Amino acid sequence: MSTSYDAHHPPRRDVLDECVHCGFCLPTCPTYAVTGLETESPRGRIYMMDLAARGEIGVDEAFGEHIDSCLGCLACVTACPSGVQYDKLIESVRPQVERNVPRTRADRLFRGLVFALFPHPNRLRIAALGGIVYQRTGLRSLVHRLGLIDRLPARLRALESLLPPVTVRALFSRTPERTRPAGPVRMRVGLLAGCAQRVFFGDVNAATVRVLAAEGCDVLVPQDRQCCGALSVHAGREEEGLVRARATIEMFERYRLDVVVANVAGCGSTLKEYGDLLADDPAWAERAERFSAKVRDISELLAELTPRAPRHPISTRVAYHDACHLSNAQRIRSQPRAVLRSIPDLQLHDIAEAELCCGSAGIYNLVEPETAEELGQRKARNIEAVSPDVVVTANAGCLLQIRRFLDAGIPLLHPVQLVDASIRGVDPL
């Protein structure tokens, strides 16, 4: 049978055939919710993948647009009654698009800028310094007041709007390489400091270390400026992602760890996939499997541990947003809620349309800004409907995306920051 895919890891026939086109995935799909188009649904995309596998359509620009427009949120995977592995399909087709579909010069340049910046913490710090100057000198207010921002391309407007409120001091803060617990050691835990996470959310890393140490963990944080490859893998930049995966495994192997902890949902999801990603590499397959078996999200690990540190009350109304790569890719839903409910007096509230992505999705809110904006506004409305004092979510991208659209008076935190505040008996806000 002729096929439009190249020979390197095309979508598997047995996985394509799992889809019975029932449509249960449609209500959970963000792009279908926005457009109402069959071609913008998981069912429609699988149909196109199947046609390309049979050689009836090409892996061309039109095909690539529908693959690019998928957020990869994987809500369809959890909704599917037939167990269709859409995650496997999209992960095999995205690299096909990257290799075989020519992009416009502007698209190539913008994507190149994103990947030359975000996986590199030092470059990101320099860019963030420029952002601080832009905001604090009044230049940003002037650009908006004069309407100049509206003249920029949509992608640059999105990049500008996602500038986080970060201080110079926070920008250059460092998490210590080792933090020992006060009492007996329960386990040796490595923490992935992340790329954007260490630059923009160093306070989340610091809270994670304090909580783990309070719970009896000897915490090791590699100081390497090593990207885990999550952004590359999710964007179909396969070889780049694999190079970073191997380097990340090597980095953590130095420490002889019991557990590797991630506090970013997208990163944690990819760390757990290393075994699959490197399964064809004889030199790395076994090492990758061993590594992935050790990975836990911070909420997942805290839910497994019997609490050692007492929790002080926090009387606040919390809205919890499920990060897609935590709830759908890692199937971690109850654990963050259980960890938060262990805090006395805390009122935890779920939101409507919890299964719909906020529009962050790695670099999606930068490369598909219009759809991402509509999803972000929709998510913000659902959050505001429960009148929270604070919003919590377990992913850096979600924190930036939701902050962009949420009422400015509502703070956003990572769940571990509330746990940290409860253990220390301080005001989390």
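In this text the structure is predicted, and so the values were computed from the model without any measurement. (Residues numbered from 1 in each chain as written. Predicted model: local features only at pLDDT ≥ 70, side-chain atom pairs only at ≥ 80, totals over all residues. Heavy atoms only, no water.)

Here's the deal with empty space enclosed by the protein
A complete count under the given rule lists three cavities of 30 Å³ or more for this structure. Along its surface, the largest cavity is lined by 18 residues, and Cys19, Cys25, Ile46, Cys80 and Val84 are the ones closest to its centre. Residue assignment for the lining of the largest cavity shows that the elements contributing at least two residues are α3 (42-53) and α5 (75-79). For the lining of the largest cavity, the element with the most residues is α3, which contributes three residues. When grouped by side-chain class, the residues that make up the lining of the largest cavity number 13 nonpolar, three polar and two charged. Approximately 80 Å³ is the volume found for the second largest cavity. In terms of lining residues, the second largest cavity is bounded by 14 residues, among which Cys29, Pro30, Cys70, Cys73 and Cys76 are the most central. The class makeup of the residues in the lining of the second largest cavity is ten nonpolar, three polar and one charged. (1 Å grid on protein atoms, 1.4 Å probe; cavity = no way out; pocket = protein on both sides within 12 Å on 5 of 7 lines; lining within 4 Å. Points joined across faces, edges and corners; volume = space filled by probe spheres on them. Helix = DSSP H or I, 4+ residues; strand = E, 2+ residues; numbered from the N terminus. Nonpolar A, V, L, I, M, F, W, Y, C, P; charged D, E, K, R; others polar.)

Observations concerning the packing of aromatic side chains
Taken as a whole, this structure holds three aromatic pairs when the rule is applied. An angle of 70 degrees between the planes, with centres 6.4 Å apart, marks the rings of Tyr5 and Phe63 as edge-to-face. With a gap of 58 residues between them, Tyr5 in the segment before α1 (13-16) and Phe63 in helix α4 (residues 61-68) connect regions that are remote in the sequence. Like Phe63, Tyr5 is buried. Ring centres 5.9 Å apart and planes at 40 degrees place the aromatic pair Phe252 and Phe291 in the tilted group. (Phe/Tyr/Trp six-rings, centres within 6.5 Å; stacked < 30°, edge-to-face > 60°. Buried < 20%, exposed > 50% of the residue type's maximum accessible area, 1.4 Å probe, protein only.)

Thoughts on the packing of helix α22 (residues 369-384) against helix α23 (residues 396-405)
How two helices sit against one another is set out by the angle between their axes and by the gap between those axes. Two elements in contact, α22 and α23, have axes separated by 8 Å at closest approach and are oriented at 75 degrees. Taken together, α22 and α23 sit at an angle that is classed as roughly perpendicular. Residue-level inspection shows Ala372, Glu373, Gly376, Gln377, Lys379, Ala380, Ile383 and Glu384 of α22 in contact with α23, the latter providing Gln401, Ile402, Arg404 and Phe405. Of the residues belonging to the contact of α22 with α23, the class tally is five nonpolar, three polar and four charged. (Axes fitted to C-alpha atoms, helices over the stretch in contact; angles between N-to-C directions. Parallel < 35°, antiparallel > 145°, perpendicular 65-115°, else oblique. Contact = heavy atoms within 4.5 Å.)

Re α23
For α23, the buried fraction is high: seven of the ten residues fall into the buried class. The set of residues buried in α23 consists of Ala396, Cys398, Leu399, Leu400, Gln401, Ile402 and Phe405. Where α23 is buried, its residues meet α12 (196-200), α21 (364-367), α22 and β9 (412-413).

Some thoughts on the pairing of strand β2 (residues 187-191)
Moving residue by residue along a regular strand, the side chains alternate between the two faces of the sheet. The element β2 is largely enclosed, with a buried count of five among its five residues. Residue alternation in β2 divides its side chains into two sets, Met187, Val189 and Leu191 and Arg188 and Gly190, and both sets are buried. Where β2 lies against strand β4 (residues 259-262), three bridges are found, and the strand directions are parallel. What sits directly across from Gly190, in β4, is Val260. (Pairing = 2+ DSSP bridges.)

Details of the sheet that holds strand β3 (residues 217-220)
What the five strands build is an open sheet, ordered β1-β3-β2-β4-β5; its pairing is mixed. The outermost strands of the open sheet, each flanked by one partner alone, are β1 (178-179) and β5 (295-297). Bridge count for β4 against β5 is three bridges, and the pairing is parallel. In the sheet register, Val260 faces β5, and the bridge partner there is Val295.

Comments concerning the nonpolar core
Counting residues in hydrophobic clusters, the biggest one holds 73 residues, and the most contacted among them are Val189, Leu301, Leu340, Leu406 and Leu418. Counting residues per element, this core draws most heavily on α23, which supplies six residues. Sequence-distant contacts of Val189, defined by excluding residues within four places in its chain, comprise Leu212, Cys217, Asp218, Val219, Leu220, Leu257, Val259, Val261 and Leu301. Core analysis: the next-biggest nonpolar cluster, separate from the first, contains 26 residues, Val59, Leu74, Cys80 and Val97 among them. (Core = buried A, V, L, I, M, F, W, Y, C linked by side-chain atoms within 4.5 Å.)

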